[in-house]
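Chain and residue survey
For reference, the chains in residue letters:
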Amino acid sequence: MIQFERLKKDHLDLVLKWRTSSFVTRYMYTDIDGDHKKHQAWFESISQSETDLYWVAVIDAVPVGVISLSDIQHFHKRATFGYYIGEEKYRIYGGILPLYLYNHVFTNLSLNKLTAEVMEGNDKVVKLNMFHGFQMVGTRKEHVIKHGKSHDVHLMELLKSDWEKKGHLFKKYTGAFE
């Protein structure tokens, strides 16, 4: 059983552990240090935000990762999504967790578009997003500097109408987002 719990203080130590692991940060824009005060400040910021929502994905009572919406624009009916699996043995679920979010976003939140930014080299996520109905809409050249090297970032979009073409295959992936 897969559930999505709103990120809360009780999750912070685990999320910090995930965010400082090399297999999670490999394709993220930032590498964070283990500073608990900075992590707490980040949590306070997103908790008070009206344009960010973060959930911990829980599979059979085991927290396994984070899925989020940021820059939520209700008037324009769009948001940016991101996620990661923090527990290596659950990485196989990386292709399934977003399906729950897409169904939630397009059905319950009545958004029309999700955007995603995928750092170059993360070819599996690009392929997965395209399989789910995303379109590649551009590339930001040398957009992120990580470990002293510039990286391109691929811009992707999923429209509700495109999800509906594929979504019938994935209707069973619905769950509660607390």
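Everything here concerns the structure above.
Residues numbered from 1 in each chain as written. Predicted model: local features only at pLDDT ≥ 70, side-chain atom pairs only at ≥ 80, totals over all residues. Heavy atoms only, no water.

**Some details on the nonpolar core**
Selection criterion: Buried residues of nine kinds, namely Ala, Val, Leu, Ile, Met, Phe, Trp, Tyr and Cys, make up a nonpolar core once their side-chain atoms join them within 4.5 Å. Relative accessibility decides the category of a residue: with a 1.4 Å probe and only protein chains considered, values under 20% of the type maximum give buried, values over 50% give exposed, and everything between is partly exposed. Numbering of helices and strands starts at the N terminus; helices are DSSP runs of H or I of at least 4 residues and strands are runs of E of at least 2. By definition in these notes, contact holds between two residues if any of their heavy atoms fall within 4.5 Å.
Judged by nonpolar contacts, the single largest core of 35 residues is most densely connected at Phe 4, Leu 69, Phe 81, Tyr 102 and Leu 114. The greatest single-element share of this core, amounting to seven residues, is contributed by helix 4 (residues 97-108). Each residue touching Leu 114, except ones within four places of it in the same chain, is listed here: Leu 69, Ala 79, Phe 81, Tyr 102, Val 105, Phe 106, Phe 134, Met 156, Glu 157 and Leu 158. Membership of the second largest hydrophobic core comes to 13 residues, among which are Met 28, Ile 46, Val 56 and Tyr 84.

**Notes on the pattern of salt bridges**
The test is simple: Salt bridge criterion: a side-chain nitrogen from Lys or Arg within 4 Å of a carboxyl oxygen from Asp or Glu.
All chains considered together, the criterion is met by eight salt bridges. A salt bridge links Asp 33 to Lys 38, with the nearest nitrogen and oxygen atoms 3.5 Å apart. Residue Lys 38 is classed as exposed on the basis of its relative accessible area of 53%. For Lys 141, the salt bridge is made with Asp 152, and the minimal N-O distance between the two is 3.3 Å. Pair noted here: Lys 141 is in strand 6 (residues 135-146) and Asp 152 is in strand 7 (residues 149-159), with a separation of eleven residues, a long-range link. Given a relative accessible area of 15%, Asp 152 falls into the buried group.

**Some points on the packing of aromatic side chains**
Under the convention used in this document: Aromatic rings from Phe, Tyr and Trp, with only the six-membered ring used for Trp, were paired whenever their centres fell within 6.5 Å, and each pair was classed as stacked if the ring planes differed by under 30 degrees, edge-to-face if by over 60, and tilted otherwise. Placement of a charge over a ring requires the Lys NZ or Arg CZ to be within 6 Å of the ring centre, with the centre-to-atom vector within 35 degrees of the ring normal.
Scanning all chains against the criterion turns up 15 aromatic pairs. Their ring planes at 85° and their centres at 5.4 Å tell us that Trp 42 and Tyr 54 sit as a pair that is edge-to-face. Separated by twelve residues along the polypeptide, Trp 42 in helix 3 (residues 36-48) and Tyr 54 in strand 2 (residues 53-59) bring together distant segments of the chain. Ring geometry for Phe 170 and Tyr 173: centres 6.3 Å apart, planes at 50°, overall tilted. For the pair Phe 170 and Tyr 173, one class covers both residues: buried. Among the aromatic residues, those joined into a ring-pair cluster are Phe 4, Trp 55, Phe 81, Tyr 83, Tyr 100, Tyr 102, Phe 131, Phe 134, Trp 163, Phe 170, Tyr 173 and Phe 177. Sitting over the face of the ring of Phe 131, Lys 166 holds its NZ or CZ atom 4.8 Å from the ring centroid.

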